[in-house]
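Below, each chain spelled out in residue letters.
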Amino acid sequence: MSTTIATSPARPGSPARPGSPATTDLRATAASLVTGGRGILAADESPGTMSRRLEGVGVEPTEEHRRAYRELLVTGEGLAGRISGVILCDETLRQQLADGRPFPRALADAGLQAGIKVDTGTTALDGPDDGETLTEGLDGLAERVAEYVALGATFAKWRAVLHLGAGRPSVRALDANAEALARYARVCQDGGLVPIVEPEVLSAGGHRLEVCAAGTARTLATLGRALDAAGVDPAAMVLKPNMVTSGEGSRQPADPYEVARATVDTLRATMRPELAGVAFLSGGQSSETAAANLAAIRRRGGPWPLTFSFGRALVSPALAAWAGDPGRVDAGRSALRREVDRNVPAA
Ligand code: 13P
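Residues numbered from 1 in each chain as written. Predicted model: local features only at pLDDT ≥ 70, side-chain atom pairs only at ≥ 80, totals over all residues. Heavy atoms only, no water.

Enquirer: Which parts of the structure should I look at to understand the overall build of the protein?
Expert: Counting secondary structure elements, the protein contains 12 helices and 10 strands. At 19 Å, the protein has a C-alpha radius of gyration in line with the 20 Å of a compact globule built from 347 residues. Dimensions of the protein along its principal axes, counting C-alpha atoms only, are 55 × 50 × 50 Å. The buried share among the 347 residues of the protein stands at 52%. Summed over its atoms, the accessible surface of the protein is roughly 14,100 Å², and 51% of this surface lies on carbon and sulfur atoms. Seen as two clouds, the 38 positive and the 40 negative side-chain charges of the protein have centres 5 Å apart. (Helix = DSSP H or I, 4+ residues; strand = E, 2+ residues; numbered from the N terminus. Rg over C-alpha atoms; globule rule 2.2 N^0.38 Å. Buried < 20%, exposed > 50% of the residue type's maximum accessible area, 1.4 Å probe, protein only. Areas by Shrake-Rupley, 256 points an atom, 1.4 Å probe, with all protein chains shown as cover. Lys, Arg positive; Asp, Glu negative; His and termini not counted. Charge placed at Lys NZ, Arg CZ, Asp CG, Glu CD.)

Enquirer: In this structure, what is going on with the site of the ligand? I would like to understand it.
Expert: Taken together, 13 residues lie around the ligand, and K157, K240, S282, G311 and R312 are the ones closest in. Side-chain polar atom of E198 to an oxygen atom of the ligand: 3.1 Å apart, as the coordinates give it. Contact between the ligand and G283: an oxygen atom at 2.7 Å from a main-chain N or O atom of the residue. In isolation the ligand offers 300 Å² of accessible surface; the protein chains occlude 91% of this area. Here the residues of the shell around the ligand sort into 3 nonpolar, 4 polar and 6 charged. (Near = heavy atom within 4 Å. Polar contact = N/O pair within 3.5 Å; in protein donor to acceptor, adjacent residues only side chain to side chain. Nonpolar A, V, L, I, M, F, W, Y, C, P; charged D, E, K, R; others polar.)

Enquirer: Explain the pairing of strand β3 (residues 113–117) here, please?
Expert: Within a regular strand, the side chains alternate between the two sheet faces. Where burial is concerned, most of β3 is hidden: 5 out of the 5 residues are buried. Relative to β3, strand β2 (residues 83–88) runs parallel, the two sharing 4 bridges. Along β3, the bridge assignment pairs V86 with A114. Across 3 bridges, β3 lies against strand β6 (residues 155–162) in parallel orientation. (Pairing = 2+ DSSP bridges.)

Enquirer: So what exactly am I meant to see when it comes to helix α6 (residues 141–151) here?
Expert: An α-helical turn contains 3.6 residues, so any two residues separated by three or four positions project in the same direction. Buried residues of α6: L141, V145 and Y148, and no others. Down the axis of α6, the smallest arc covering the buried residues is 65°, so these residues share one side. Of the exposed residues in α6, those oriented more than 90 degrees away from the buried face are E143 and A150. Where α6 is buried, its residues meet α4 (90–93), β3 and α7 (171–191). (Arc of directions from axis to C-beta. Contact = heavy atoms within 4.5 Å.)

Enquirer: Where do I start with the nonpolar core in this structure?
Expert: The tendency in soluble globular proteins is for nonpolar side chains to be buried as a group. Counting residues in hydrophobic clusters, the biggest one holds 86 residues, and the most contacted among them are L73 and Y184. Tallying contributions element by element places α7 first for this core, with 9 residues. Excluding residues within four positions of it along the chain, Y184 makes contact with V118, L138, L141, A156, K157, W158, P195, I196 and V197. Listed in part, the 14 residues of the second largest apolar core include A30, L33, V34 and I40. (Core = buried A, V, L, I, M, F, W, Y, C linked by side-chain atoms within 4.5 Å.)

Enquirer: Teacher, can you tell me more about helix α12 (residues 329–343) here?
Expert: Between its first and last C-alpha, α12 extends 22 Å over 15 residues, near the 21 Å set by a 1.5 Å rise per residue. Those residues of α12 lying buried are G332, A335, L336, E339, V340 and N343. Looking down the long axis of α12, one finds its buried residues gathered within 130° of arc, a one-sided arrangement. (Expected span 1.5 Å × (residues − 1).)

Enquirer: How should the environment of L202 be read in this particular structure?
Expert: Assignment of secondary structure puts L202 in the loop between β7 (194–201) and α8 (209–229). Distance in space between the C-alpha atoms of L202 and L164 is 7.0 Å, their sequence separation being 38 residues. Those residues in contact with L202 that sit more than four places away from it in its chain are R159, V161, L162, H163 and L164.

Enquirer: Mind showing me how you'd approach the pattern of salt bridges here?
Expert: One side chain can pair with another of opposite charge once the charged atoms of both are near each other. One pass over the full model with this rule turns up 26 salt bridges. Its salt-bridge partner being D228, residue R272 comes within 2.8 Å of it at the nearest N-O pair. Residue R272 is located in the loop between α9 (256–270) and β9 (277–280), and its partner D228 is located in helix α8; the two are separated by 44 residues in the primary sequence. With relative accessibility at 11%, the residue R272 sits in the buried group. (Salt bridge = Lys/Arg side-chain N within 4 Å of Asp/Glu carboxyl O.)

Enquirer: Would you mind going over the sheet that holds β6 with me for this structure?
Expert: Sheet strands associate in pairs through backbone hydrogen bonding, adopting either a parallel or an antiparallel arrangement. Sheet architecture is open: 8 strands sit in the order β1-β2-β3-β6-β7-β8-β9-β10, paired in parallel fashion. Each edge of the open sheet is held by one strand with a lone partner, namely β1 (39–42) and β10 (306–308). Of the strands in this sheet, β6, β7 and β8 (238–239) are in contact with α8, which crosses β7 at around 150°. (Axes fitted to C-alpha atoms, helices over the stretch in contact; angles between N-to-C directions.)

Enquirer: Any chance you could explain the side chain of K157 here in plain terms?
Expert: Inspection of the secondary structure assignment puts K157 in strand β6. Under the relative-accessibility criterion, K157 is labelled buried at 6%. At 3.4 Å, the side chain of K157 and the side chain of E198 are in polar contact. Among residues more than four places away in sequence, those in contact with K157 are D44, I87, I116, K117, V118, D119, Y184, I196, E198 and K240.

Right, dumping it as structure tokens:
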């Protein structure tokens, strides 16, 4: 099976602001997030989403339960050898562990970097029935970035959501989301945070892998142009894309070899080689499937470090194992550790 990518490769070029101390620091931070086989734990579900996930395992969705669950996630033994950083939401970044340490301090004590989700969620692009969305959060972003830096964050995340289907993603959705991602990334770099740039092409549907490849290629090509136009330094950012897979309802799911070939070829065709790294989202794949696909992607290789920034594929088993029982915190930590280990290559 071959994958045709109807886009031209990003032109090589130099970053907008090479050589300044701030740029050098951000590049070092970006590299430290993705090198050494370590990945990033995405634990940044909004309070609303986190509350629904707690209710799903029978836990009352209180602020304290959200806090206790995040404490479990970030306090496991030996995480720092496998995880470089943890993405938090605004609520958690301002909370404290039971011992009184703010989350960013506790993460730093454990050798982990603190990240912060700065988008404010999606809104309908063209009215409630349209189905396509635009991710918002640029209002007051520079001020919020300054506050997050003061609170101890070193990196940020913004997730755009693109849909596959007849005529989708539309040019309008591609352009609007790429523009917002690029502006976000530039504001973060100017304010001292490494941006994680997340354009997620959703896996909903029964489509073949080629459909996802084409939609992802259009998404990344549009994004690459917007990042260049905004003067974003590619060496001081991390790309967080979806893997190129068949649709989650597909009757003949693509195997890891096919996923790896399509994913890496799509990225090579659209993204600058200077990127600090690529850290994939899991996008609703099972823990086993996400890990197998990531291993195959790493075997295929690219000019960048290739690693994970999974949410559900890492934390769902931990949430189920804990289920709100203070006596099962260690069971939750063990489940997280098992999922993380699946995705870190053997030394
Ligand atoms: P998933 O790995 O569950 O897709 O989540 C990653 C993420 O950060 C979504 O924004």
